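# Fold and contact review
Residues per chain are reported as follows:
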Amino acid sequence: MRKFTFIQIIKVQQFPVFYSLLLIIFLLMSIIPTTQGEENSLQGIAPYPQALNTSLQTALKAKGPNYKPRTEHLFDNGQPKFTNRLILEDSPYLLQHAHNPVDWFPWGNEAFEKANRENKPIFLSIGYSTCHWCHVMERESFDDITIARLMNEKFICIKVDRERRPEVDEIYMTAVMMITGHGGWPMSNFLTPEGKPFYGGTYFRPDTFTNLLQQITLLWQEQQPKLITQADYIANVVNQMTTASDKARQLGKHAIQEAVTDIMAKHDSFLGGFGNAPKFPSENWLLLLLEYAHRTHENVLAVVEKSLMEMAQGGIYDQIGGGFHRYATDDHWLVPHFEKMLYNQAHLARAYLLAYQLTGKLVYATVAKQTLDYVLREMTSPQGGFYSATDADSEDEEGKFFVWTPTQIRAVLDKTEAEFALNLYDVTEAGNFEGKNILYLPMSLEDYAKEHTIPLAQLIEKIDLIRTKLRLTREKREAPLRDDKIITAWNAMMIITLAMAADILEEHRYLVAAQRAAHFISSKLKKEQELWRVFLNDTASIPAHQEDYAYLIEALISLYDAGSEHVWLEHAQELTDGMLQHFWDKDTGGFFMSRKSDLLVIARPKSPDDSAIPSGNAVSVRALAMLATRTGIERYRDKANTTLNAFSSAIAKQPSRYAYMLLAADELLHGEVGMRRYGARGAVKATVKLATEEQKTWLVIELNIRNGWHINAHNPLQNDLIPTVLRFNKPQQGWQLEQIDYPKPIHRNLSWKQGTLALYEETVHLRGKLIPQTSENATNLVPIRLKFQACDDKMCLPPEQLVFNIFVRK
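Numbering of residues begins from 1 in every chain and follows the order in which that chain's sequence is written. This being a predicted model, a pLDDT of at least 70 is required before a residue's local features are given, and a value of 80 or more before pairs of side-chain atoms are given or counted; all residues contribute to the totals for chains, interfaces and linings. Excluding hydrogens and water, the side-chain values take into account all heavy atoms of the structure.

### Quick look at the overall build of the chain
What counts as a helix is a DSSP run of H or I of at least four residues, what counts as a strand is a run of E of at least two, and both are numbered from the N terminus. Per the secondary structure count, the chain includes 26 helices and 30 strands. For 810 residues, the compact-globule formula gives about 28 Å, and the C-alpha radius of gyration of the chain, at 29 Å, lands near that figure. The C-alpha extent of the chain, read off along each of the three principal axes, is 95 × 70 × 50 Å. We call two residues contacting when some pair of their heavy atoms lies within 4.5 Å. Restricting the contact set of the chain to residue pairs at least 6 apart, pairs at least 24 apart contribute 71%. The accessible surface values rely on the Shrake-Rupley method and a 1.4 Å probe; as for residues, cover is taken only from the protein chains in view. Within the structure as shown, the chain displays about 33,500 Å² of accessible surface, and the carbon and sulfur contribution to it stands at 49%. Between the two quantities, the radius of gyration covers C-alpha atoms and the globule rule is 2.2 Å times the number of residues to the power 0.38.

Spelled out as structure tokens, the structure:
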């Protein structure tokens with residue numbers, strides 16, 4: 001169960017007087033005993049109508065002879081005693097509850113209509129398939145016949161997969177945090193038949209949950225009008241909070257600096273990360289700090305490196321298989337919550353790639369590659385899409401798949417290898433987790449290499465051989481449950497990172513994997529120009545949410561950048577037009593999370609602030625800005641600015657909650673960072689690379705110029721034209737740029753200019769030698785400026801400058 005503090009600033013003032021009734025619940029729960037019942041008594045678990053029962057039995061038979069129901073309630077032949085409506089769903093999480101004795105409904109109007117007819121409150125349970133505490137509450141409460149009978153008699157029960165319906169999760173998580181001050185999963189809400197929450201929480205022990213059900217029942221029977229009043233109040237506040245209805249204003253120029261300052265203040269300088277346990281990777285903050293370091297050269301990179309290094313050494317990182325667990329339960333990053341989420345792999349690999357680009361440290365490239373290789377090996381479908389997650393549990397034990405004993409390691413490796421591994425990962429007989437060992441690195445690989453006088457690259461190669469042997473042995477164990485659901489937004493995140501990896505690591509196989517995943521989405525999750533969110537069991541379901549569109553737009557742009565295939569840019573424009581059509585708020589700007597729907601919802605949220613992933617609105621700001629730069633279509637930039645300004649009041653109050661939106665704002669205002677830039681409304685693409693020849697470092701800039709366009713040569717032959725010039729952006733201590741080699745120009749006469757012009761067209765390369773100089777203030781980040789002017793056969797655009805901050809090894 002994840003718990004987090006409710007820090008969003010809201011003006012709740014005072015709850016209605018009836019709020020005291022919610023306190024009465026806690027008092028009564030502590031003194032009223034749990035009602036006990038015989039497990040074999042099925043009263044209160046009513047039979048379904050014949051038509052529904054036939055559908056359920058048909059769905060159960062379709063599962064096949066090898067189907068293993070997830071329940072302890074089985075007949076002697078292994079068939080489940082109970083099957084509810086969730087057997088008809090295509091969500092792994094909902095299917096996990098299909099054989100509970102609870103009369104579950106999926107999210108939909110049928111449940112709300114039944115609640116209105118029978119005047120019953122609704123119990124809404126929200127979770128996801130790899131959530132450990134969701135499994136615990138299912139075993140303890142939802143699979144308990146006595147508790148199920150009470151739920152079925154007194155409530156209409158709805159189960160929601162938060163990964164399929166993030167907008168429902170957003171609405172009711174906001175309510176839970178408002179009521180209790182914290183949130184997490186499983187999320188438990190009590191609603192009126194109109195879907196308005198009047199009480200909520202997260203995980204409840206079975207005795208506490210039983211008493212809570214009894215007290216809610218009593219209050220509904222005796223004081224229903226007051227409960228409804230309370231629900232109306234909470235629903236109104238939730239609607240205000242989730243729609244971000246503050247008056248738009250221009251974002252203050254200091255918001256990014258304020259966010260960075262706030263994040264830096266939370267940094268754990270001793271152990272890395274931000275705040276105390278449980279420790280989450282906080283990828284959104286890391287990505288903003290990396291952007292800021294690239295832009296300003298200020299000393300924030302050390303903060304990022306501390307966190308990245310500590311995580312890479314800790315148990316939160318799977319030292320054998322690669323990839324990151326969702327969070328650490330302790331301050332030292334040692335003991336993880338063992339589930340693995342696709343979005344963590346995408347964003348953490350991205351952070352390590354950017355850190356490698358900024359520092360050149362091999363360990364960051366190694367972690368990024370191991371993480372991506374884990375995804376390609378274990379989280380990729382045969383068709384090329386990426387699965388969602390793996391569970392924390394196997395064989396009903398959390399973490400059992402991942403831990404080791406010295407004996408187990410010695411059984412796999414020869415004596416020399418075993419002693420090396422036991423020392424490297426600090427494996428002991430006593431163990432560090434329930435008598436066994438979570439593998440971790442007590443010192444960095446760089447320090448280990450120095451201490452043992454072995455080159456770092458050689459050490460990594462030696463470790464890889466051991467990792468492979470241990471991984472192949474580990475694969476023979478019973479693996480944690482894998483959620484095979486393929487989510488459009490999460491796949492797009494991975495496409496973005498894979499395209500970046502192909503670029504930074506210069507490994508084409510990552511681009512191939514990214515392109516294959518994009519083709520999968522196009523063929524399986526796009527039907528008649530409509531995008532879908534989820535693919536499972538060869539079926540697409542749930543109309544795509546705004547975040548699906550936004551992430552996929554950014555992913556397609558990333559593919560265009562990496563491969564220069566214009567079709568990706570065209571697809572991105574098509575999706576952008578669809579996103580604006582379905583989700584744009586014409587009144588106040590910004591995007592709603594989901595489309596207008598006939599389903600009963602108490603709010604249409606926008607969710608502009610970051611959660612475990614950047615919000616759809618934040619990603620849309622970046623994607624729109626990127627699209628405007630590459631197409632020259634300024635209405636995309638206008639929508640990005642309007643979106644940013646729509647949430648500026650909220651950003652001003654707590655800027656660090658909007659880290660990715662501020663990253664996007666930085667690029668919107670100042671241009672993108674990295675080794676590739678666009679100019680001339682997308683007609684010119686400039687890519688920087690470093691080449692080594694005879695132990696000399698050469699700076700190479702490749703210019704790809706769109707057909708029908710040109711830029712002036714270094715010597716354009718006419719004094720009124722702006723030449724193409726490559727130089728340092730500002731005087732550099734420690735470096736000289738010499739022997740700049742400009743390409744041979746084309747000489748041409750154009751209709752709008754008298755005389756012969758010297759031009760560059762199509763693809764050309766500029767080269768210059770970077771020579772290190774002795775200087776105390778020398779830096780490895782070298783800012784390079786390319787100045788040029790682009791023209792077509794009718795006009796010239798204003799001169800432009802592209803600045804690149806390049807890491808150069810001395």
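This is not the end of the story, as more comes after the structure.
### Some remarks on the state of the cysteines
Defined by distance alone, a disulfide is two cysteine sulfur atoms within 2.5 Å. Counted under the stated rule, the structure contains 2 disulfides. Disulfide partner of C131: C134, at an S-S distance of 2.4 Å. Its S-S torsion of approximately 80° makes the covalent link between C131 and C134 right-handed. Shown here for the chain is a disulfide pattern of 1-2, 3-4, where each number marks a bonded cysteine counted in sequence order. Residue C157 stays outside any disulfide, its sulfur separated by 16 Å from that of C134, the closest cysteine.

### Some thoughts on the pattern of salt bridges
Should a side-chain nitrogen of Lys or Arg be within 4 Å of a carboxyl oxygen of Asp or Glu, the pair is scored as a salt bridge. If you walk through the whole model with that rule in mind, you get 49 salt bridges. Among the salt bridges present, the one from D169 reaches R162, with a minimum N-O distance of 3.3 Å. The shortest N-O distance in the salt bridge between E761 and R748 comes to 2.5 Å. Of this pair, E761 sits in the loop between β26 (753–760) and β27 (763–772) while R748 sits in strand β25 (residues 746–750); the two residues are 13 residues apart in sequence, bridging distant segments of the chain. Put simply, D161, E163, D483 and K485 are held in one network by salt bridges that share partners.

### Some points on the sheet that holds strand β30 (residues 800–807)
DSSP calls a pair of strands paired once it identifies at least 2 bridges connecting them. The antiparallel open sheet is built from 3 strands, whose spatial order is β23-β28-β30. Looking at which strands have only one partner, the edges of the open sheet turn out to be β23 (725–728) and β30. Each strand axis lies, on average, 25° off the axis of its neighbour in the sheet, ignoring direction. In this structure, strand β28 (residues 781–788) lies alongside β30, joined through 8 bridges in antiparallel fashion. Following the sheet pairing, V782 is matched in β30 by I806. In this analysis an axis means a line fitted to C-alpha atoms, helices contributing only their contacting stretch, and an angle means the value between N-to-C directions, from 0 to 180 degrees.

### Overview of the sheet that holds strand β20 (residues 684–693)
Taken in spatial order, the 5 strands of this open sheet run β19-β20-β21-β27-β24, and their pairing is antiparallel. Strand pairing shows two members of the sheet lacking a second neighbour, β19 (676–679) and β24 (735–741), which therefore form its edges. Each adjacent strand pair in this sheet contributes to an overall mean axis angle of 30°, direction not counted. Across 10 bridges, β20 lies against strand β21 (residues 696–705) in antiparallel orientation. Note on β21: the bridge partner recorded for A691 is W698. Set on the sheet, helix α21 (residues 546–563) makes contact with β19 and β20; between it and β19 the angle comes to about 95°.

### Details of the pairing of strand β17 (residues 530–536)
Burial analysis of β17 places 5 of its 7 residues in the buried class, the great majority of the element. Inspection of the sheet shows strand β15 (residues 486–487) paired to β17 by 2 bridges, in the antiparallel sense. Directly across from I487, in β17, lies its bridge partner V534. With 2 bridges joining them, strand β16 (residues 526–527) and β17 adopt antiparallel strand pairing. Within β17, the residue paired with K526 across the bridge is L531. In this sheet, strand β18 (residues 539–543) lies alongside β17 in antiparallel orientation, the contact comprising 4 bridges. Considered in β18, the bridge of W532 is made with P543. Under the scheme applied here, a residue whose accessible area is under 20% of the maximum for its type counts as buried, over 50% as exposed, and between as partly exposed, the area being computed with a 1.4 Å probe on protein chains only.

### Focus on unusual backbone geometry
The omega torsion of the bond from W185 to P186 falls at 5°, within 30 degrees of zero and hence cis. Position of P186 relative to the elements: it lies in the loop between β5 (182–183) and β6 (187–191). Residue A277 is joined to P278 through a cis peptide bond whose omega torsion reads -5°. You will see that E434, though not glycine, has its phi angle at about 55°, which is positive. On the basis of relative accessibility, which here comes to 69%, the residue E434 falls in the exposed class.

### Examining empty space enclosed by the protein
Note on definitions: the grid is 1 Å and covers protein atoms alone; a cavity is a set of points where a 1.4 Å probe fits but cannot get out; a pocket is an open set with protein on both sides within 12 Å along at least five of seven lines; lining residues have an atom within 4 Å of a point. Grid points are joined across faces, edges and corners, and a volume is the space filled by probe spheres set on the points. Applying the stated criterion across every chain yields a total of 4 cavities of 30 Å³ or more. The calculated volume of the largest cavity comes to roughly 500 Å³. Every residue lining the largest cavity is counted, 27 residues in all, and those nearest its centre are L354, M500, R622, V673 and G674. Secondary structure elements with two or more residues in the lining of the largest cavity: α11 (283–296), α13 (342–359), α19 (488–504), α21, α23 (616–631) and α26 (659–670). In terms of residues, the lining of the largest cavity owes the most to one element, α19, which gives 5 residues. By volume, the second largest cavity is sized at about 180 Å³. Around the second largest cavity, the lining comprises 18 residues; the ones closest to its centre are Y317, Q319, Q370, L441 and L445. At the level of secondary structure, the elements contributing two or more residues to the lining of the second largest cavity comprise α12 (301–313), α14 (362–378) and α18 (456–474).

### Section: the nonpolar core
Core analysis: the biggest nonpolar cluster contains 197 residues, and M151, Y172, F190 and F209 have the highest contact counts within it. Ranked by the residues each element gives to this core, the list is headed by α19, at 13 residues. In this view, F190 contacts I122, F123, F155, K196, P197, F198, Y199, F209, L212, L213 and I216; residues no more than four positions away in its chain are not counted. Joining through side-chain atoms within 4.5 Å is the link that ties buried Ala, Val, Leu, Ile, Met, Phe, Trp, Tyr and Cys residues into a set, and such a set is a nonpolar core. V688, Y760, L770 and F788 belong to the second-largest nonpolar core, a separate cluster that totals 33 residues.

### As for the environment of E283
Relative to the helices and strands, E283 resides in helix α11. The buried category is assigned to E283, whose relative accessible area is 4%. Between the C-alpha atoms of E283 and I466, which are 183 residues apart in sequence, the distance is 29 Å. Sequence-distant contacts of E283, that is, excluding residues within four places in its chain, are made with Y343, N344, H347, L348 and A612. In the analysis that follows, any N or O atom pair within 3.5 Å is treated as a polar contact, provided that within protein one partner can donate a hydrogen and the other can accept it, and provided that, for residues neighboring in sequence, both atoms belong to side chains. Polar side-chain contacts of E283 include one of 2.8 Å to the side chain of N344.

### With respect to the layout of surface pockets
Roughly 1,100 Å³ of internal volume is contained in the second largest pocket. Forming the boundary of the second largest pocket are 35 residues, of which K68, R70, P92, Q96 and L481 lie nearest the centre. At the level of secondary structure, the elements contributing two or more residues to the lining of the second largest pocket comprise α3 (92–96), α5 (132–142), β12 (393–394), β14 (482–483) and β17. Polarity classes work like this: nonpolar for Ala, Val, Leu, Ile, Met, Phe, Trp, Tyr, Cys and Pro, charged for Asp, Glu, Lys and Arg, and polar for all others, with Gly in that last group. In terms of residue class, the lining of the second largest pocket is built from 12 nonpolar, 7 polar and 16 charged.

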